[in-house]
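Overview (structure and organization)
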Amino acid sequence: MKIDGKRVRLSRVTADDLDFICGLETNTGIWLYEEQVESDKEKVRNKYLEQMNSTSQYNFVIKKEADGKSIPVGLAQIWSYSEHRKSWELGFAIIPEFQGQGYGYEAINLLLDFSFHQLQAHKVVGMCNCHNMKSMNLMEKLGMRREGTFKEELMWKNQWVDQYFYSILNTEYIKKANITVQL
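Description of the structure in this document.

So, how was this worked out
Residues numbered from 1 in each chain as written. Predicted model: local features only at pLDDT ≥ 70, side-chain atom pairs only at ≥ 80, totals over all residues. Heavy atoms only, no water. Core = buried A, V, L, I, M, F, W, Y, C linked by side-chain atoms within 4.5 Å. Buried < 20%, exposed > 50% of the residue type's maximum accessible area, 1.4 Å probe, protein only. Helix = DSSP H or I, 4+ residues; strand = E, 2+ residues; numbered from the N terminus. Contact = heavy atoms within 4.5 Å. Axes fitted to C-alpha atoms, helices over the stretch in contact; angles between N-to-C directions. Parallel < 35°, antiparallel > 145°, perpendicular 65-115°, else oblique. Left-handed = near helix turned anticlockwise from the far one by under 90°. 1 Å grid on protein atoms, 1.4 Å probe; cavity = no way out; pocket = protein on both sides within 12 Å on 5 of 7 lines; lining within 4 Å. Points joined across faces, edges and corners; volume = space filled by probe spheres on them. Nonpolar A, V, L, I, M, F, W, Y, C, P; charged D, E, K, R; others polar. Arc of directions from axis to C-beta. Polar contact = N/O pair within 3.5 Å; in protein donor to acceptor, adjacent residues only side chain to side chain. Phe/Tyr/Trp six-rings, centres within 6.5 Å; stacked < 30°, edge-to-face > 60°. Salt bridge = Lys/Arg side-chain N within 4 Å of Asp/Glu carboxyl O. Pairing = 2+ DSSP bridges.

Counting 53 residues, the largest nonpolar core has Leu10, Ile78, Leu90, Leu111 and Val124 as the members making the most contacts within it. Per element, the largest residue contribution to this core is eight residues, and it comes from helix α3 (residues 103-117). Setting aside its immediate chain neighbours within four residues, Leu90 contacts Gln77, Ile78, Trp79, Ile108, Leu111, Leu112, Val124, Val125, Gly126 and Met144.

This part covers the packing of helix α1 (residues 18-25) against helix α2 (residues 41-51). Helices that pack against each other are described as a pair by the angle of their axes relative to one another and the distance between those axes. The interhelical angle for the contact between α1 and α2, taken along N-to-C directions, is 125°, at an axis separation of 9 Å. Judged by the inter-axis angle, α1 sits oblique to α2. The handedness of the crossing between α1 and α2 is right-handed. Facing Leu18, Asp19, Ile21, Cys22, Gly23 and Glu25 of α1, the residues of α2 in contact are Lys41, Val44, Arg45, Lys47, Tyr48 and Leu49.

Approximately 1,400 Å³ is the volume attributed to the largest pocket. Trp31, Glu34, Phe92, Ala93 and Ser135 are, among the 48 residues lining the largest pocket, the residues nearest its centre. Elements supplying a minimum of two residues to the lining of the largest pocket: α2, β4 (69-82), β5 (87-94), α3, β6 (123-129) and α4 (133-141). Considering each element in turn, the lining of the largest pocket owes the most residues, seven residues, to α4. The residue makeup of the lining of the largest pocket, split by class, is 21 nonpolar, 18 polar and nine charged.

Moving on, we come to α2. Taken as a whole, α2 has its buried residues at Val44, Tyr48 and Gln51. Across the axial projection of α2, the buried residues extend over an arc of 65°, all falling on one side. Exposed side chains of α2 directed beyond 90 degrees from the buried face belong to Lys43 and Glu50. Measuring from the backbone nitrogen of Glu42 back to the side-chain oxygen at the start of α2 gives 2.9 Å, which picks out Asp40 as the cap.

Another aspect to go through is the packing of aromatic side chains. Evaluation of the coordinates by the stated rule reveals eight aromatic pairs. The interplanar angle of 45° and the centroid separation of 6.2 Å between the aromatic rings of Tyr58 and Trp88 together place this pair among those described as tilted. Here the residue Tyr58 occupies a position in strand β3 (residues 57-66), and Trp88 occupies one in strand β5, the gap between them amounting to 30 residues. Between Phe150 and Phe165 the ring centres are 5.6 Å apart and the planes differ by 85°, which places this aromatic pair in the edge-to-face class. Pair noted here: Phe150 is in strand β7 (residues 145-156) and Phe165 is in strand β8 (residues 159-169), with a separation of 15 residues, a long-range link. Accessibility expressed as a relative area gives 32% for Phe150, which makes it partly exposed. Through successive ring pairs, a cluster of aromatic residues spans Tyr58, Phe60, Trp88 and Phe114.

So, about the pattern of salt bridges. Within the structure shown, the criterion is met by seven salt bridges. Of the charged contacts in the structure, one is a salt bridge between Arg9 and Asp4, with a shortest N-O distance of 2.5 Å. Measuring nitrogen to oxygen at the nearest pair gives 3.4 Å for the salt bridge that ties Lys123 to Glu147. Taken as a pair, Lys123 in strand β6 and Glu147 in strand β7 lie far apart in primary sequence, 24 residues in all. What makes Glu147 partly exposed here is its relative accessible area of 37%. Three or more residues are tied together by salt bridges with common partners; here these are Lys123, Arg145, Glu147 and Glu172.

What follows covers the sheet that holds strand β1 (residues 2-4). Each strand in a sheet pairs with another by means of backbone hydrogen bonds, the pair being arranged parallel or else antiparallel. Sheet architecture is open: eight strands sit in the order β1-β2-β3-β4-β5-β6-β8-β7, paired in mixed fashion. Of all strands in the sheet, those with a lone pairing partner are β1 and β7, marking the two edges. On average, adjacent strands in this sheet sit at an angle of 25° to one another, irrespective of strand direction. Where β6 meets β8, seven bridges bridge the pair, whose relative direction is antiparallel. Residue pairing across strands places Lys123 opposite Leu169, the latter belonging to β8.

Honestly, it's all geometry; don't read function into it.
Written as structure tokens, this is what we have:
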């Protein structure tokens, strides 16, 4: 499965992508705001192999499309958060040298579109460490709103820190998409 944007393509993770995914998932420089980072590439590989055909977890490699080349720049994920409520949770990571260039914004916007139009999501949520300004800014730029704070939810750098909870409803996303198209 592939989802094309203007500058990026989301490609559902296949066995051919596992070396890239394992390198990304075990890279502590990418996951600066996580409680822990898996160091065992074989565990990562097995996890992604199990999820490849899932209909409740979708993992995509974010690929930069330029000059006929496809360069992996990150990971975008969506998984069922609450099935009976039609809620999905998203996650994302962009390799540092590609951050701040709009690839994450375009990729997650494509992921939201997929969530609301293909998965029939009612709501998409995202969570982040309260110190992760880049994730907060990206979610807010995409029209997600901070709905709450989970106080001292994460053990990060040997201290308890808050986690922010963001969301966007299908009606909000569609309204935002229509406004964007009309501009």
